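Summary of the model geometry
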Amino acid sequence: MTLYMKTNIICGVALAAMTVVSCSQPQQKEVEQTIEKKANVLVVVDVQRDFLDPAGSLYVAGGEVLPAKIAEIAPSYDAVIFTLDWHPGNHCSFTPQGGIWPSHCVAFTQGAGLADEFSLILAQGSDKVQLFLKGQEQDKEQYGAFEDLAEDTVIYQWLKNADHIDVCGIAGDYCVKESTANILKIADAAKVSMLTDCIASIDDGSTLAAFVAEQGISQK
């Protein structure tokens, strides 16, 4: 089974194996559950086939080298959060609907899937890995994950209580930057770092660099 099929099953059916937080659905109450603190958290933003594959519909140069790099370091973290663009086929950001981007990361398509290098990470289950789906509303552009994240979700508690959060992914000037901006609404900037070697940007990296400097975020 390819990983994009595995991801589709996780997102659509096998929620007992892994928790999926959807930005467009009510957050499940978890107040009765004790959520274990994770000291070091890795946030992997949108490392999906349409972005990382040179044949993808919205390929970002350099994206193809990121899965191997991220998969190598991920086991050293206490928890990993994957964010995914998960668009309807008529999303407002797509050029046929008047948007600025080609169709990409349409839900339950190969282009929306994660790289095969992440299969062992995903297999660890919801006590170590969480998925966050974004961009599901047809009429709403949403570059950043964790917008209006409920405080009683696992992801919020991991981010809020972490000693340190490292962020990486695609694209640095859009989804990585905006997702980090939302993380900073939950966690102190002193706890957040950018893994610059594990980020691919559409521009030359200057947009993300300016954001990092403005927010006082460290870089690794």
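One can find the structure itself at the top, above this paragraph.
Helix and strand content of the protein chain: 7 helices and 7 strands. Helices and strands appear in the protein chain in the N-to-C order α-β-β-α-α-β-α-β-α-β-α-β-α-β. Counting all 220 residues of the protein chain, 52% fall into the buried class. Long-range contacts, defined here as pairs at least 24 residues apart, represent 78% of the contacts in the protein chain between residues at least 6 apart. For the protein chain, the accessible surface area stands at approximately 9,500 Å², while carbon and sulfur atoms represent 50% of it.

Moving on to the nonpolar core. One recurring pattern in soluble globular proteins: nonpolar side chains tend to sit buried together. Counting residues in hydrophobic clusters, the biggest one holds 64 residues, and the most contacted among them are Val 43, Phe 82, Phe 146, Leu 159 and Ile 165. Counting residues per element, this core draws most heavily on strand 6 (residues 192-200), which supplies 6 residues.

Below, the discussion takes up the packing of aromatic side chains. Inspection of the entire model under this criterion finds 5 aromatic pairs. With a centroid separation of 5.2 Å and 90° between ring planes, the pair formed by Trp 101 and Tyr 174 is classed as edge-to-face. Taken together, the residues Trp 101 in the loop between strand 3 (79-85) and helix 4 (119-122) and Tyr 174 in helix 6 (residues 172-183) connect sequence positions 73 residues apart. For Trp 101, a relative accessible area of 13% corresponds to the buried category. We classify Tyr 174 as partly exposed; its relative accessible area is 27%. Within the aromatic cluster, the residues linked to one another by ring pairs are Trp 101, Tyr 143 and Tyr 174.

Moving on, we get to helix 3 (residues 66-73). Listed as buried for helix 3 are Leu 66, Pro 67, Ile 70 and Ala 71. Along helix 3, the residues classed as buried sweep out an arc of 120° about the axis, all on the same side. Along its buried surface, helix 3 packs onto strand 2 (40-45), helix 2 (49-52), helix 4, strand 5 (164-170) and strand 6.

Within helix 6, 9 of the 12 residues are buried, leaving the element largely enclosed by the surrounding structure. Turning to helix 6, its buried residues number three or more, namely Gly 172, Asp 173, Cys 175, Val 176, Lys 177, Ser 179, Thr 180, Asn 182 and Ile 183. Taken together, the buried residues of helix 6 touch strand 2, strand 4 (129-134), helix 5 (154-161), strand 5, strand 6 and helix 7 (206-215).

Right, let's talk about the environment of Tyr 156 for a bit. Within the fold, Tyr 156 resides in helix 5. In this structure, the C-alpha to C-alpha distance between Tyr 156 and Ala 187, residues 31 residues apart in sequence, is 9.4 Å. Apart from the residues lying within four places of it in its own chain, the contact partners of Tyr 156 are Leu 149, Ala 150, Glu 151 and Ile 186.

This part covers the pairing of strand 4. Burial within strand 4 is extensive, with 6 of its 6 residues counted as buried. By the bridge criterion, 6 bridges tie strand 3 to strand 4 in an arrangement that is parallel. Of the residues in strand 4, the one forming a bridge with Val 80 is Val 129.

Right, let's talk about the pattern of salt bridges for a bit. The final tally for this structure, using the stated rule, is 9 salt bridges. Here Asp 163 ties to Lys 37 by a salt bridge, and the two come within 3.1 Å at their closest N and O atoms. Highlighted residues: Asp 163 in the loop between helix 5 and strand 5 and Lys 37 in the loop between strand 1 (20-22) and strand 2, separated in sequence by 126 residues. On the basis of relative accessibility, which here comes to 44%, the residue Asp 163 falls in the partly exposed class. Given the relative accessible area of 47%, Lys 37 is considered partly exposed. Salt bridges sharing partners connect three or more residues here, namely Asp 46, Asp 85 and Lys 134.

Parameters and conventions
- Residues numbered from 1 in each chain as written.
- Predicted model: local features only at pLDDT ≥ 70, side-chain atom pairs only at ≥ 80, totals over all residues.
- Heavy atoms only, no water.
- Helix = DSSP H or I, 4+ residues; strand = E, 2+ residues; numbered from the N terminus.
- Buried < 20%, exposed > 50% of the residue type's maximum accessible area, 1.4 Å probe, protein only.
- Contact = heavy atoms within 4.5 Å.
- Areas by Shrake-Rupley, 256 points an atom, 1.4 Å probe, with all protein chains shown as cover.
- Core = buried A, V, L, I, M, F, W, Y, C linked by side-chain atoms within 4.5 Å.
- Phe/Tyr/Trp six-rings, centres within 6.5 Å; stacked < 30°, edge-to-face > 60°.
- Arc of directions from axis to C-beta.
- Pairing = 2+ DSSP bridges.
- Salt bridge = Lys/Arg side-chain N within 4 Å of Asp/Glu carboxyl O.

That's the geometry; what it means functionally is another story.
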